[in-house]
Structure formats: structure tokens, C-alpha cells
Amino acid sequence: MSGDSASVLIIDDEPQIRKFLRISLASQGYRVLESTDGRDGLARAALEQPDLVVLDLGLPDMDGQEVLGELRSWTRVPVIVLSVRSSEAEKVRALDAGANDYVTKPFGIQEFLARVRALLRLPQSTTNSPGQVLCGALCIDLAFRRVSLGERVVSLTKKEYALLAELARHAGRVVTQQHLLKIVWGPSHAGDSHYLRVVIGHLRQKLGDDPAAPRFIVTEAGVGYRLISDA
Amino acid sequence: MSDAMRADALLDEAPREGRGQLKVFLGAAPGVGKTYAMLQAAQRQRRLGRDVRVGVVETHGRAETAAMLVGLADQPLCRSEYRGITLFELDLDGLLAVRPDIALVDELAHSNAPGSRHSKRWQDVLELLEAGIDIYTTVNVQHLESLNDQVRAITGVQVRETVPDWILHEADDILLVDLPPRELLERLREGKVYVPEQARAAIDAFFTQTNLTALRELAMQTAAARVDADLHRRYRLQGQRAPAVRGRLLVGIDADESAEGLVRHAARVAERRHLPWSVVHVTLGAAREETELGYLQAAQQLAERLGGEVVELSGARVSRTLIDHAHERRASLLLVGRSKRPRRRWPGRFGQSIAEQLIAAGDGLEVSVLDQTKPTQRKAARQRTGRWDWRNYLLAGLATLSATAIALVLARYLALPNISLVFLAAVLVVAVRSSLGPALACAGLSFLFYDFLFIPPTFTFIVARQEDVLTLLFFLLMAILAGNLASRQKRQLEALRQTQAQTTALLELSRRLGAATDVQAVCSVAVHQLQLLADIEALVAMRDKQAAWVFKGDLLPSLTEQEQAAAQWAWKHGQQAGQGTDTLPEGHWWWLPLSGDGQPLGLLGIRTFAQGRLPPDRRRLVCALAQPLAQALGRAMLADELEAARLHGQTEELRSALLASVSHDLRTPLTAMRGSIDCLASLGHSMSEDDRRELLETTRDEAERLDRYIQNLLDMTRLGHGGLKLFRDWVAPGDIVASALQRLQRVLAELRVEVLLPDPLPLLYVHPALIEQALVNVLENAARFSPPGGRLQVAVDAGSNALRFVVSDEGPGIPEAEREKIFDMFYTAARGDRGGPGTGLGLAICQGMIGAHGGRVAVGEGLDGRGASVTLELPLQPQPAMDMESDLS
């Protein structure tokens, strides 16, 4: 890591995709490194120590999940995976294996950049959580355990708060269902997705979030939820 | 006419293609030199270069015979152990494997050791012939089935091992090996004839000049008859008329020992006169004893073996029934036996025997009466007074007594002749409840009581007045007649009932088979009906594409190796095998092949619950049922094939329609994209900023559209392969709507979208991506047909057990006639280019997705009566329990 601008390592075998990613990232001031396959990517990650890794799951020489596993064995660098639409299972697997977020191909560049920003905003270590998370008019104060919508304080149940807080700690990034269930209800409830639905429903209601066009909490179908954060 | 006959003859010849030729060396007695002649012929063939193999040859220790064996290849016999004795039999499988040109099989009328595939050697020979191997064999004339009793009559020796006559007909060549009797006797004296020690006495009786001469004549007659038949056949082959078939021979048999002899005689007569023949048995409805049934079965089986048809009739009078049947079948000759046994029942017309009645009544029929030479057994007649009779006589007595009692009571009110009616009633009751004998006994008793107690002077047997005598006599007459009539009616009714039951069963089977549409149904109907008919267990065995056995029935049997081998054999050879047949009879299952055009479609397996074999009438019934069953099976298999072909055809059509639509759907957005980008690349610098932005946006939108089409295609392949795995999860309907709207953001940008989501909504237990895709497809379709700025409404409505997504638009709407069809993949895909922007594959996929969840899709009117609305309805699962504790703050 050197200089003010953050460095992003792109590991993808498709030259066209690398091209437009490089152009868009560079236009936002990031330093872009490129690798065409898993082995090379791992080597460069070890050598160059990038601030963010963009990993395509469909690599020619190694399975993207394997690369992820290797990376995670010695670094906590944030990773965004590029996946294909219909494989929710693959996305969940990657997220469970340590990826921080994903975009589904074909994706819009704005969406991608928003996620990059979200991941780079956080300091490297995740032990220090940010004190306050802002999402439009919504303010979640993790230190004081207070949620307010504009001026009004919103009163939440214990579970609702726990859920919102976890989303806020990962503001802008996707959090898997299983993770949420584990954190909020405990490991034995990892399969009770209906709990989640109901509480999210209540949460949205209390936050005045339109379920058909949510502003704060977005459902990532089949994967989890994401709190939209200011970026 | 002659063409038809010629064709028949040619057809008869046809199966011989591929079959081996059978050459039979026929002799009058053992020792005439058949084996020697056979070996001579074999040696000649060997010198001509043909591959000759000795299957089994009995030399009986004769040196000259053994000498003839030299040089001929030998197929060693296979040995088997049976009850501690070592037996050697023809190695059938070995010969089939080696497949020589000619095989020598001595002693055609030999019975194989138990455990062999067939019980008789002539069956082995048939199998060898079918495999294309020529056979030389030897047989003595006394072994021929139809001549069996004649031989016994001539020689006094009963020959047990027999060969069915039709074997001789199958033979391509018969060589008569003849030796004058004197010379044969000389050879016997010289010790050149094989004589087993045990049989010495019998053989001495056998080998007399008279016997040998008679046997020689018999052998010559047989050979001559064969030549005659050959001649006829050749005439027919050449197209000349053969003697016309004159009518039919019917032989009437009864269930006694003479039946078999009658059958044999009939077979011979039928053959001599070139007539088809049937064996007819008339049951009067009375029960039969075991021994009688045994005689009857044996005679019927013999008839089948000798090539006759077996018919069972029931009726009140034997002669009448026979004559009616004869007329029906246009029989020309009726053959019956004349037994010397005393008549055991009222023969009908005052003491005439059956034969006499037939002669009297048979108009235009030739009636032949065979005098049975066997001494009759009178014991059998006596034994007929079985257990039942004394009870019936007791009933008769009781009836008379009660009638008397009633009559005594009524004596005050009734005139004398009328009292007789009471007794008459008693006679009728007894006649209906039992048989003729007790009824007559009752009549007699009643007569006595009537006379004794009522006719003056009472308490004597004397009759005072003349008119009373008449009364008495008429009473007796009426009683006898009434009794006779009533019992006869009862018997007829019984017989009819039995026949009716059988016919009903046959009809029922045919009807149900007709209704069965596929193979499975046919098999289950067959099994079910057969098991109703008799005390049997039935199943249908078929072979699937991998030639493994598939059994269809109520219970799946476990078959022993023998039973499996029998099934295998029956399938391969298209003939019956298993229990009750002569092939692999060990085991409990009887296999009948169900054949279509030569090819076996399946096997019918029958197993009786009762001990021993199935009675022949049941066997015949099953055989009769096998025919419609085979036809039904063939029909069902054909129907299945037709269905598969139709589906295949449909799939092909769909595939080509899809290919056409894919080509269109993919190319359209690509064309737009390419055009826009080309434009930008080459003319971009001379364009306005707005134009440039517009082109870029077009490119982006079309790319998104392309993405959606590709998704549709993927979904379609998933649906098509039937492998749509649902990974269900609890989902909030609102999330689905949000996601769908999000994906179609740009498409819906021009429209006024209203979302109506009541609160709270139940959770859906579905595969979220699929439902979302369905909603996306519906929304896209609605958007496509909406006017710019038009309203598009998405409403969710939850009932008690279903949830509905309703998408309504203000477009042109869908005419009622098409509302059902637009979801049909075929319909929309077939419309192709004419169907407007994008084909309706999306809607078809929508239905597939919703349908896979057990829901349905409906089309109706849109907003304010205009446009169209599409409703996606999904069943609601019971909401999961929420642990209330877990949600408290």
C-alpha cells in the first residue's frame, strides 16, 4: 500500500471485463492491478498487498472459491466476487468462505463502484466498529444503541435492534441470512429464515421503508440483506 | 380355389425354412435293423463330406452295429444322478452348441431322466430340428400313440413309451426297415436281438410269428398312409385339388375307461378320412367321482396330443345335445361307444342306449358305434351310491311323513283326490332338493301312504272303489313325471349356471381388456381376472430393453432356477413350459407365451394353490384367455409406442419453433446494440450530446433485454428437462415485488407504476428466484403493451389459502379467445415474428414456474375494464410458528 489512492487487484481472465473495470476504477482515482488467473493473482496479492481484490469466480486454472480460500488463509483484505446470476448457492458459499460482497454479472458499473467504496471506507481491521452509521435520514448510533429517523427516535425491540446493528456494522455490504440468524438468534436457528423475514418486515415498517421500493434495507434474494449506506 | 389351397400348402412348407430335416427309420419290432440302417445312411453322408455326429446310439452290444459307428464323431452323453443310479442322456446343449449338419438320435420314444430339460426325447429332437440340425432317428411302430391300443390288442403287451403321431407327419422322410418275421425270429434265436433279462418272458410272448406279422402289416400301413399324405400334399403344392374336407368327426365320450380307446379310434378314422375331429363330452350336471374325472382328463389330453379338438357341453339329454352340436359344427360322422354296462340312469327315452337314440334322431348324420371290447367293471356302478344318497333318501322319507301329517290335518276339508296334491308337493320338493332317485322313492312312499291312510278302506292296501284305483294310478304317474321333470330341470340349471359363470368370466375379461389402454393396465386386468376365475396365482412376465425380466402382478414371486429356466425356454421357443408340460416340469409355475406376430410379447405365469396340477378344463380356459390377452398386450404396446412417437414429434416441432424464436429474439437486441455502437463509433463526433447519450442508453437497454431473453432460455431448458428443483424458503411477497421492479427499472421508467401492498402479508414458501422471474416476465409483457405514460398496477392480495399477484395494464387487452392460449409455449412460439416485439416465451415460462409451485395463472380484464390483467396465484403454506419469546425486546 503506497500513496493516498487505494490499490485494487482485479483477478479475471476476460480482457474486456478487465478493461472496463480498469477504466472505471481509474476514473475514480484508484490504482489498478490486473491478473489473468488464480496463481498469478495470489502471487500479486502477496507481493503488492492491494487494498481490495476483485475476484472472478470462473477462472481458468483454479476455482475462484479456492483462490478465496487461499487468500483468506493469510490476509483479511476485502474481496468482491463476480458471479453469474442464477447461482445463489455459489454466492452464499463465497460469502461464507470470507468474501465481503458480490456483484452479479452482468452488472451496472455504479452498483459495482458503490460496493467498492463501501468496502474501502472501513479501516482494515474490523474490530473497531464505526460509531455512527448514516443512511439518508436514518442514523444508527452503535455506541449509544440509538436509532433515529431524522429527529425522531425509533423504538425497536431487542431483536430488531440487533439485526439493524449487524447490518449497520456491514453498511453497504451484503450480510448473509445465515450470519444474521446466527448473530441475532444463535447458531441453532441458522435455518429459520422466516424469523428473519418477519423481523425485517417489522423493522421496515418502523423505519417507514416501503417494501416495494426500500430505501434502507435491501433484500438480496436468496443471499441476505444489505443496508444502503451513504457513499 | 386351387390357388388358395396351393397357398396353404406353401405356407405349411414355409416354417421348414431354417429347420432341420427329420429322417425316421421305422421298424415293426426291435431287432429288424433300424439302428444299423441309420448308421449306414450316416456313413454315406459322412463320405459325402457332411458333418455327422452321434447324439445317442444304442448298439445293445451288437458287434456289427458297433462296427458301423467307426469313423463317426461322437457327442458324449451327459450323465446325471437320480436316486443313486447313474443315468446317461442325450447331451442336448452340447449338440446345440456344436451344431453339426446331421445328428443321430436313436430310440425316438425314449423318456428322459428326471431333471432333463424335456421329459421326452422326441422333444429334444424337435429342439434340435428348430436349431437347423438334421436328425436321423429310429422308432418302432408300437411306439406310435394312435396305434398303442392296436398293438396291445395284437401282442398283449402294453407299450408305455409313446411318440405322438404328428412327429411322423413332421418327418421329411420315413424309411421302412423291414425284415420278414421268420428271419427276425432266427436272429432272436441267434442272440442278435437285444433282450433285457427282465423282459424275457414278455419278449417271448411278443416275438411270435403271428404278432410279428401283424406288427409288420401295421408298420407297412403306417408308412403307406404317410406316402399317401405326401402324395396329396404334392398335389396341392402343384395346385391340384386335394380331396375336399367332408364335414367333421365328432366322438362322444363318457367319463369311463373306454374313453381313451374311443379317442384313439377316432383319431385313426379321422386321419384315414381326412377329417378334422373333436372330442365331445356331455355333462348332465351331476357330480363326478375322482376316478371318472381321471379317465375323462386322460382321454381329453390324449385327444389334444393326437390333434383333435376338445369340447365340453352340458345339457339335459346326451343324445339331443350331441346331435345339436353336430348340426352346429356341420359334422358328418358321429362316433360313440357302446358299453355293456347296465344302464345306471334313466337314459331318457325308455331304455334306449345313447347309440340307439342317436341313430334314431340323427337325421343325415352318419353314426358309428364302436363296441368296447374291454370287460366292464361293475364295481364302479355300485360305488356310485356315495355318501350323499342316503341323506337324500332320508329327506324323501321325511318329506313323505310331513306330507302325510299335513294331509291328515287337511283330510277334513279336502276331497280325496285333492289330498294327493299334498303328496305331490312333497315329491316336487324332494326332486328339486336332491336328485331323481330320492324323488322317485318319495313318490313311491307317498303312493303307499296315500293308499294306506286315505283311500277307503283306510289302513289297508286294498282299494275298494274303481275310481280310486284310477286316482291312485294317476297320482303315481304324475308323481313320477313331476319328479323326473323337476330333477332334470335342476340338473340343467346347475349345468347352465356353471357354463354361464365361465362365459361371464370370459366376457368380463374381454371387456376389461378392451378398456385397458396401456401395458400396465392390461397386465393388472389380466392378473386380476385370472385370479378370480380359478384358484390360481397369475402374473405377466415381460422383458425390458435390457432383456431383464419385469414381472407384473399382485405379488412378485421368487423363482427357483428351474422356474426361471422354464420361463427362459418358453420365451425363446414360443411354447408352453413349466409345470404340467413336458418341458422343465419341475417347479410350481406354468408359463404360457403371449405372442404377437411370432415375437413373444410376454409370458403368462400360472401357479395353482391347490395340490398337483391344474385340471384340464381350467388349463383350457387359461389357454383360451391367453389369446385375447396377447392381443390386448400387443395393442397396448402399440399404443404406448404411438404415444411416444407422438410426444417425440411434438418435441421436435417445439424445438424447431424455439430455434426460430431464439434466432429472432437474440438477434433483435443485438441488431439495435450493434447499430447504435457503430453509429457512435463512426459518426459520434458529428452528433449532438443528446443523441450520443440516447444511443448509449439504447445500447444499455438492449443489453439488458438480451440478458433477460437469455435468462428466459435458460429457464426454459430447466423447465423442459423436467428437472426444476425447488429450493423453497420463506419469502416476503413485498421483497419479490421490489426485486422485480428493481430489475425492470428502466423498462418501467415511462409508465406510472402503482404498487398496492396490504400490510401485513403472509410469507410465501417458494423458490424466490423463480417467482421473481415469473413476475418479471409478466411485468415486462404488460409494459410492452402499455401506452406511454399509461398506468401499470401491481397488487398483492392474500386469501386464506392462496396469495395472488395481480398485474394490470391499460394496453389493448387480450381477447377472450386467446386468454387461455397465450401461456401455451407452442402458440406463442409458433407465431414467431408476427407476434410482436418479443415472443411470449416469457409467459409460458411464467406458467411453468408458477405451476411448479402448485399455483396457477389467470388472465382477465385490466384497469377500468380496459387492458389486461394477469394473476399469479400461489398456494399458501401454513405460516410457521414464531417463538414469541424470541421477539420481545
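Each value, and the rule that gives it
Numbering of residues starts from 1 in every chain and runs along the sequence as written. Here chains are named by letter from A upward and ligands by number from 1 upward, in the order in which they appear as written. The predicted origin of the model limits local features to residues at a pLDDT of at least 70 and limits the giving and counting of side-chain atom pairs to 80 or more, whereas totals for whole chains, interfaces and linings rest on all residues. Side-chain metrics in this entry use all non-hydrogen atoms of the structure; hydrogen atoms and water are not considered. Only heavy atoms enter the contact rule, under which two residues are in contact if any of them lie within 4.5 Å. A quick way to say it: buried area is the sum, across both parts, of accessible area lost when two parts are put together, with a 1.4 Å probe. Salt bridge, as used here: a side-chain nitrogen of Lys or Arg that lies within 4 Å of a carboxyl oxygen of Asp or Glu. Any pair of nitrogen or oxygen atoms within 3.5 Å is treated as a polar contact; in protein, a donor-acceptor pairing is required on top of that, and neighbouring residues in sequence qualify only through side-chain atoms on both sides. Secondary structure elements are taken from DSSP: a helix is a run of H or I of four residues or more, a strand is a run of E of two residues or more, and numbering for both begins at the N terminus. In this scheme, strands are said to pair when DSSP sees at least two bridges between them. Each axis is a line fitted through C-alpha atoms, taken for helices only over the stretch in contact, and angles between the N-to-C directions span 0 to 180 degrees. Burial classes follow relative accessibility: with a 1.4 Å probe on protein chains only, a residue under 20% of its type's maximum area counts as buried, one over 50% as exposed, and anything between as partly exposed. Taking the helix axis as origin, the arc is that swept by the directions to the C-beta atoms.

(A) Spotlight on the interface of chain B and chain A. Facing 27 residues of chain B, the contacting portion of chain A comprises 25 residues. Note on chain B versus chain A: buried area summed over both sides is about 2000 Å², and carbon and sulfur give 53% of it. There are two salt bridges connecting chain B and chain A. Its salt-bridge partner being Arg204(A), residue Asp735(B) comes within 2.8 Å of it at the nearest N-O pair. Between chain B and chain A we count six residue pairs in polar contact (both at pLDDT 80 or more) in total. Of all the elements in the fold, those that place two or more residues in the side of chain B that touches chain A are helix 23 (689–720), strand 19 (729–731), helix 24 (733–743) and helix 25 (768–785) of chain B. Counting residues per element, the side of chain B that touches chain A draws most heavily on helix 24 of chain B, at six residues.

(B) Inspection of the sheet that holds strand 12 (residues 224–227) of chain A at higher detail. All names here are of chain A. Taken together, the three strands give an open sheet; going across it, the order is 10-12-11, and neighbouring strands pair in antiparallel fashion. This sheet does not close on itself; its edge strands, each paired only once, are strand 10 (174–176) and strand 11 (217–220). On average, each strand axis in the sheet is inclined to that of its neighbour by 30°, with strand direction left out of account. Direction of pairing for strand 11 relative to strand 12: antiparallel, over a ladder of four bridges. For Val218, the partnering residue across the bridge sits in strand 12 and is Arg226. This element, helix 7 (residues 177–185), spans strand 10 and strand 12 of the sheet and lies at about 70° to strand 10.

(C) Geometry of the pairing of strand 7 (residues 138–141) of chain A. All names here are of chain A. The alternating pattern of strand 7 places Leu138 and Ile140 and Cys139 and Asp141 on opposite faces, both of which are buried. As defined by bridge partners, strand 6 (residues 132–135) adjoins strand 7 across four bridges and the pair is classed as antiparallel. The residue bridging Cys135 from the neighbouring strand is Leu138, located in strand 7. In sequence, strand 7 turns back onto strand 8 (residues 146–149) through a hairpin of four residues, with Arg145 there showing a positive phi of about 55°.

(D) Region of interest: helix 8 (residues 181–189) of chain B. Residues and elements named next belong to chain B. Buried within helix 8 we find Pro181, Leu184, Leu185, Arg187 and Leu188. Looking down the long axis of helix 8, one finds its buried residues gathered within 160° of arc, a one-sided arrangement. For helix 8, exposure combined with an orientation more than 90 degrees from the buried face picks out Arg182 and Arg189.

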